[in-house]
Amino acid sequence: MQRRTENSDRVESSKFSVSIVIPARNEQNRLPRTLEHIIAYSREKRWDAEVIVVNDGSTDGTAGVVHRFAKTNPTVTLIDNLVNSGKGSSIRDGMLRATGDLVLFTDADDSTPIEEADKLIKGIMDGADIVIGSRWMDRNLQMKPQPWYRRLNGRAYNLLLRTLLGLDLTDTQNGFKAFTRKAAKLAFAIQRIPGWGFDAESLFIANKLGFTVAEVPVEYEYCPEGSKIRPYRDGAKMLLELLLVRWHFARGAYHAVVGRPSSTTPVRLAASAISESQPSE
């Protein structure tokens, strides 16, 4: 698998810490290659990095894979959820556990290579609070595009996203995003949806909290083997989850961002939610 990222695009990130969150469900086959790639690149870049793998109720050897890597790589940590709760819940667990100055999440299939994190990091360094790796800003970077029906579904979903949530973004669903620690902790402390709609929900919350969201074009290679997405069934569910975000917002469930008359600021409310959500030692 050849990558086209140029060294000149890379930025120096050794002066701050990076947390890399990987959700994984039944990924014993794809995860080893991805972990090897991420660990090797982190060393090459001399990142002060931690890698958090969230095992989402796998029934295969995913947890064992992470344990083996953790024995020789102390930067690797496993969050082992015994029950399948959904990608949104897994990402939320990892983001709230992360300790890095910059927190990013990426998929277990390595469909967007970790080298592209340099673009996300540069976007953060340039002043954004959140940077999304977009597959649609430069389609020439798609090494292996998704099949036409998935691209069509994605474009329809994006139109609904803009209409229902007012998010002017080209690609909310690529699992390759970076947050400042503050943005990650505040947005994911409030985020509720456990499934695929978590991307849109967390970005909607971040927007309401006043965080700046930027997009950068990234490489992408469609990896159908082991994919967990069922295009039509999950597509319908994601639409319902968009409506659920609107409903949560309308009834005040996102109390930190609704803007009710109160002497308590949104950030203080969100910070309270974080403290309530932290696992006890």
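Small disclaimer: the values here were computed from a predicted structure and weren't measured.

1. Digging into unusual backbone geometry
- The backbone of Asn-26 sits at a positive phi, close to 55°, despite the residue not being glycine.
- Tracing the sequence through the fold places Asn-26 in the loop between strand E1 (17–24) and helix H1 (31–45).
- Exposure remark for Asn-26: the relative accessible area of 28% places this residue in the partly exposed category.
- Look at Asp-110: it is not a glycine, yet its phi comes out positive at around 60°.
- In this fold, Asp-110 is placed in the loop between strand E4 (102–105) and helix H4 (117–125).
- Taking the relative accessible area as the measure of exposure, Asp-110 reaches 3% and is therefore buried.

2. A few points about H1
- Compared with an ideal rise of 1.5 Å per residue, which puts 15 residues at 21 Å, H1 spans 21 Å between its outermost C-alpha atoms and is within 8% of the ideal.
- What H1 keeps buried is the set Leu-31, Thr-34, Leu-35, His-37, Ile-38, Ile-39, Tyr-41, Ser-42 and Lys-45.
- Residues of H1 that are buried sit in contact with E1, strand E2 (48–56), helix H2 (62–72), strand E3 (76–81) and H4.
- Where H1 terminates, the next one or two residues include Arg-46, which has phi positive at roughly 60°.

3. Structural notes on the packing of H1 against H2
- Where H1 meets H2, the axes come as close as 10 Å, and the angle between the chain directions of the two elements is 25°. Here H1 is positioned roughly parallel relative to H2, judged by the angle of their axes. Seen along the crossing, H1 lies across H2 with a hand that is right-handed. Side by side, H1 and H2 meet where Leu-31, Pro-32, Leu-35, Glu-36, Ile-39 and Arg-43 of the first sit next to Thr-62, Val-65, Val-66, Phe-69 and Thr-72 of the second.

4. Focus: the pairing of E2
- The buried fraction of E2 is high, at 8 of 9 residues.
- Here E1 runs beside E2; their pairing, made up of 8 bridges, is parallel. Within E2, the position partnered with Val-18 by the bridge is Ala-49.
- With H1 bridging E1 and its parallel neighbour E2, the resulting β-α-β unit is right-handed.
- Taken together, the 6 bridges between E2 and E3 define a ladder with parallel strand orientation. Residue Val-54 lies in a different strand from E3, and its bridge partner there is Ile-79.

5. What about the nonpolar core?
- Counting residues in each nonpolar core, the largest one holds 39 residues, and the members touching the most others are Val-21, Met-95, Phe-105, Leu-165, Phe-179 and Phe-188.
- Where this core is concerned, the elements lending two or more residues are E2, helix H3 (87–97), E4, strand E5 (130–134), helix H5 (148–165), helix H6 (181–190), helix H7 (198–208) and helix H8 (231–250).
- When residues in this core are grouped by element, the largest group, 7 residues, is from H6.
- Other than its neighbours up to four places away in sequence, Phe-179 contacts Met-95, Asp-101, Leu-102, Val-103, Phe-105, Ile-124, Asp-129, Ile-130, Ala-184 and Phe-188.
- Counting residues in each nonpolar core, the second largest holds 34 residues, with Leu-35, Tyr-41, Val-66 and Leu-78 among its members.

6. Thoughts on the sheet that holds E2
- Spatial strand order, E3-E2-E1-E4-E7-E5-E8: 7 strands in an open sheet with mixed pairing. Whereas interior strands pair on both sides, the edge strands pair on one side only; in this sheet they are E3 and strand E8 (213–217). Neighbouring strand axes in the sheet, compared pairwise and without regard to direction, differ in orientation by 20° on average.
- Two strands pair when backbone bridges link them, and E4 and strand E7 (residues 177–180) are joined in this way by 4 bridges, in the antiparallel orientation.

Cut-offs and rules
Residues numbered from 1 in each chain as written. Predicted model: local features only at pLDDT ≥ 70, side-chain atom pairs only at ≥ 80, totals over all residues. Heavy atoms only, no water. Helix = DSSP H or I, 4+ residues; strand = E, 2+ residues; numbered from the N terminus. Buried < 20%, exposed > 50% of the residue type's maximum accessible area, 1.4 Å probe, protein only. Expected span 1.5 Å × (residues − 1). Contact = heavy atoms within 4.5 Å. Axes fitted to C-alpha atoms, helices over the stretch in contact; angles between N-to-C directions. Parallel < 35°, antiparallel > 145°, perpendicular 65-115°, else oblique. Left-handed = near helix turned anticlockwise from the far one by under 90°. Pairing = 2+ DSSP bridges. Right-handed = clockwise from strand over helix to strand, strands pointing away. Core = buried A, V, L, I, M, F, W, Y, C linked by side-chain atoms within 4.5 Å.

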